[in-house]
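Reading the structure
Next come the chains, spelled out residue by residue.
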Amino acid sequence: MQSYWMQMSGEATLLEMREAEVPKPGADQLLVRMHAAALNRGEFVSGHGLHGPAGSWKAIGGEGAGEVVATGAEVTRFRPGDRVMGRCAGAFAEYALMEEIEAMAMPSNLSWEEAAGVALTFLVSYDMLVLQGRLRAGEWVLINGVSSGVGVASLQLAKALGAKVIGTSGSADKLALLQSLGLDVAIRTRTPDFAAAVLEATREHGADLVINTVGGTVFAENVRAMAFEGRLATVGYVDGVVKAELDLAALHAKRLTVFGVSNKLRSKAQRAAAVPGFVADVLPHIASGRVRPRIDRVFDFAQLKEAKDRMESAGHVGKIALRMPAATA
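Conventions adopted
- Residues numbered from 1 in each chain as written.
- Predicted model: local features only at pLDDT ≥ 70, side-chain atom pairs only at ≥ 80, totals over all residues.
- Heavy atoms only, no water.
- Helix = DSSP H or I, 4+ residues; strand = E, 2+ residues; numbered from the N terminus.
- Expected span 1.5 Å × (residues − 1).
- Buried < 20%, exposed > 50% of the residue type's maximum accessible area, 1.4 Å probe, protein only.
- Contact = heavy atoms within 4.5 Å.
- Salt bridge = Lys/Arg side-chain N within 4 Å of Asp/Glu carboxyl O.
- Core = buried A, V, L, I, M, F, W, Y, C linked by side-chain atoms within 4.5 Å.

Moving on to helix 3 (residues 149–160). In a regular helix each residue adds 1.5 Å, so twelve residues correspond to 16 Å; helix 3 covers 17 Å between its end C-alpha atoms and thus fits that length. Taking burial as the measure, the twelve residues of helix 3 include eleven buried ones, the bulk of the element. The set of residues buried in helix 3 consists of Gly149, Val150, Gly151, Val152, Ala153, Ser154, Leu155, Gln156, Leu157, Ala158 and Ala160.

Structure follows, in structure tokens:
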């Protein structure tokens, strides 16, 4: 089979398509013929710690969708022929292994590419908004970089939960596009100067929940924009800034909660713990069409470099997907 590998050394990234043996499923795994996989910025950023030592090669791709072709001896929920989606290592390949506890049945209304973009992005959003963010209907959510994959998913999920959403982006076109998904307040900016606009839009209440996809450059401004008992989720740092000033007086007086969202140090069981709740709470919204993964663009399997370039140019709105050879075979 064909699969993509990556080597990261400092700021340099090398991509290579390789021939590899089709993997064999372990006792609790599914062998999936991949039809589509989705790109995530973190897997191409060395600072996110998703790679081995500098100079080593690693099979890449973190989520996808496809058809089960074989199952391990202890698998009970799936069988060959089932259409599944989920997190899986080495997803940029014709075949990949998926843990049964992380696999989800694919809703029939989704395309392969839409399903490929559900597992990581929407599970992360579920973690931020529901499990840790404790979002309630009527609250205000502020999303930095709202046009990113996580940003768009968080916008859609927040609206499904009855919240009001403020989004920041440097592109007026992107903000206009996202208003059709329910964006209540659009703030066009690429700099940390949005707190006054957030307070004005919320009548001085502030943001109850902040989703920081940008990084350290906007951290202090987010704290200024937060409401009493507000919660601040940090899910990425595409700006490369991993240190920021924390206003302890505001943290103390406003009883703020600051938390991180990452799978870097989690065990397999910890990663999978949220899946049953996600299937019960979020998947019905996706299956009904109320929430639909937004795919910015689909690239063919041989075009991973071009797909990566589009993601890193920040020209996309939503997810970028890679179509596997299985989709056209």
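By the secondary structure assignment, Phe259 is in strand 14 (residues 257–260). With a relative accessible area of 10%, Phe259 lands in the buried category. Considering only alpha carbons, one finds Phe259 and Leu232, 27 residues apart in sequence, at a separation of 6.2 Å. When neighbours within four sequence positions are excluded, Phe259 is seen to be in contact with Met128, Gln132, Gly133, Leu209, Arg231, Leu232, Ala233 and Thr234.

Summed over the entire model, instances satisfying the criterion amount to 19 salt bridges. With its nearest N and O atoms 2.7 Å apart, the salt bridge here joins Arg310 to Asp296. Residue Arg310 is found in helix 11 (residues 304–312), and its partner Asp296 is found in strand 15 (residues 295–300); the two are separated by 14 residues along the sequence. Under the relative-accessibility criterion, Arg310 is labelled partly exposed at 24%. For Arg323, the salt bridge goes to Asp300, with nearest N and O atoms at 2.9 Å. Residue Arg323 is located in strand 16 (residues 319–323), and its partner Asp300 is located in strand 15; the two are separated by 23 residues in the primary sequence. For Arg323, a relative accessible area of 26% gives the class partly exposed. The class of Asp300 is partly exposed, set by a relative accessible area of 38%. A cluster of three or more residues bridged by salt bridges with shared partners is formed by Asp28, Glu99 and Lys268.

With that settled, the discussion passes to the nonpolar core. With 46 residues, the main nonpolar core has Met128, Leu129, Val141, Ile211, Phe278 and Ile286 as its most contacted residues. Broken down by secondary-structure element, the contributors of at least two residues to this core are helix 1 (112–116), helix 2 (119–132), strand 9 (140–144), helix 3, helix 4 (172–178), strand 12 (207–212), helix 9 (275–281) and helix 10 (283–288). Discounting residues that sit within four places of it in the chain, Leu129 has contacts with Arg134, Leu135, Ser154, Leu157, Ala158, Leu209 and Ile211. Met6, Ile60, Val75 and Phe92 belong to the second largest nonpolar core, which has 27 residues in total.

On their own, these measurements won't tell you what the molecule is for.
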